[in-house]
Amino acid sequence: TSKEEQVAIADNRTESLLGLLGRGVKMYDLSDTLSNRTSEVEPNPHKIEYEDHFDTLEASRTKYGLEPADWPGETAYALENVTVTTHSGTHMDAPYHYAPTSEGKPARRIDEVPLDWCLRPGVLLDMTGIDRERGILREDVERELERIGYEIEPYDIVLVRTDASLHFGEPNYHLWGPGLRREATAYLVERGVKIIGIDAWGLDRPFD
């Protein structure tokens, strides 16, 4: 489909989602909050510079010709200057993150991932208790799907719970969580899954 068609599909799905919100649908915020404290334990450190309402007075004079007296209470605006990588905190990896090509074609960058893929039914797989060195196997996925009585449909979003997120902000956070073995990932992809979410630093097994 063209980008225009993708946008139209996404808009229609968004309207459907908003229509559901008036019917008791619960929304869950799965994002973690970044701070300079969490940067200390990130393999890809981020940096946040905080400017309060007094710090920005000089910038407002230089950029806009506004004096402190021009502002109510002689306080300007507050802002944060943030330096991050695309792998900081809660994020979505594009196929391009993993390799320059996919199936012989240029891998999709994040702006090329269809928004429609992100507005799909989700299924939660409980993978807590699995050894991080062993990793999550295909048999683990099959066993959990049987336990919850669910059959994967194309474009389902699979959410993998490992409880590694409980250690977000701790030293070596990126080494927590079992990660998916190739066979488990292939099992999902072969059934039409486009997006897999995990509550760990990444989908891979810990690098150590």
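Residues numbered from 1 in each chain as written. Predicted model: local features only at pLDDT ≥ 70, side-chain atom pairs only at ≥ 80, totals over all residues. Heavy atoms only, no water.

**Some remarks on the overall build of the chain**
A count of helices and strands for the chain gives six helices and seven strands. Excluding contacts between residues fewer than 6 apart, the proportion of contacts in the chain whose partners are at least 24 apart in sequence is 66%. Summed over its atoms, the accessible surface of the chain is roughly 13800 Å², and 52% of this surface lies on carbon and sulfur atoms. (Helix = DSSP H or I, 4+ residues; strand = E, 2+ residues; numbered from the N terminus. Contact = heavy atoms within 4.5 Å. Areas by Shrake-Rupley, 256 points an atom, 1.4 Å probe, with all protein chains shown as cover.)

**Regarding a nonpolar patch on the surface**
A cluster of nonpolar residues, Tyr28, Leu30, Leu124 and Leu159, forms a patch on the protein surface that exposes about 460 Å² of accessible area. Assignment of secondary structure puts Leu30 in the loop between α1 (3-20) and α2 (36-39). (Patch = residues over 30% accessible without salt bridge, like charges linked within 9 Å, V, L, I, M, F, W, Y side chains within 5 Å. Salt bridge = Lys/Arg side-chain N within 4 Å of Asp/Glu carboxyl O.)

**Quick word on the pattern of salt bridges**
The final tally for this structure, using the stated rule, is twelve salt bridges. Linking Arg61 and Glu58 is a salt bridge whose minimum nitrogen-to-oxygen distance equals 2.5 Å. Here Arg61 and its partner Glu58 are both found in helix α3 (residues 57-64), three residues apart, which amounts to about one turn of the helix. Note that Arg143 and Glu139 form a salt bridge whose closest N and O atoms lie 3.6 Å from each other. Of this pair, Arg143 and Glu139 are both found in helix α5 (residues 138-148), four residues apart, which corresponds to roughly one turn of the helix. Residue classification places Glu139 among the partly exposed residues on the basis of a relative accessible area of 41%. What emerges from the salt-bridge pattern is a single network uniting Arg134, Glu139, Asp140 and Arg143. (Buried < 20%, exposed > 50% of the residue type's maximum accessible area, 1.4 Å probe, protein only.)

**Considering the sheet that holds strand β6 (residues 157-161)**
Two orientations exist for strands paired in a sheet by backbone hydrogen bonds: parallel and antiparallel. Spatially, β5-β6-β7 is the arrangement adopted by the three strands of the open sheet, whose pairing is parallel. Two strands in the sheet have a free side with no partner beyond their single neighbour: β5 (122-126) and β7 (195-198). Across the sheet, the mean angle from the axis of one strand to that of its neighbour is 20°, orientation sign disregarded. Sheet analysis places β6 next to β7, joined by four bridges and oriented parallel. (Pairing = 2+ DSSP bridges. Axes fitted to C-alpha atoms, helices over the stretch in contact; angles between N-to-C directions.)

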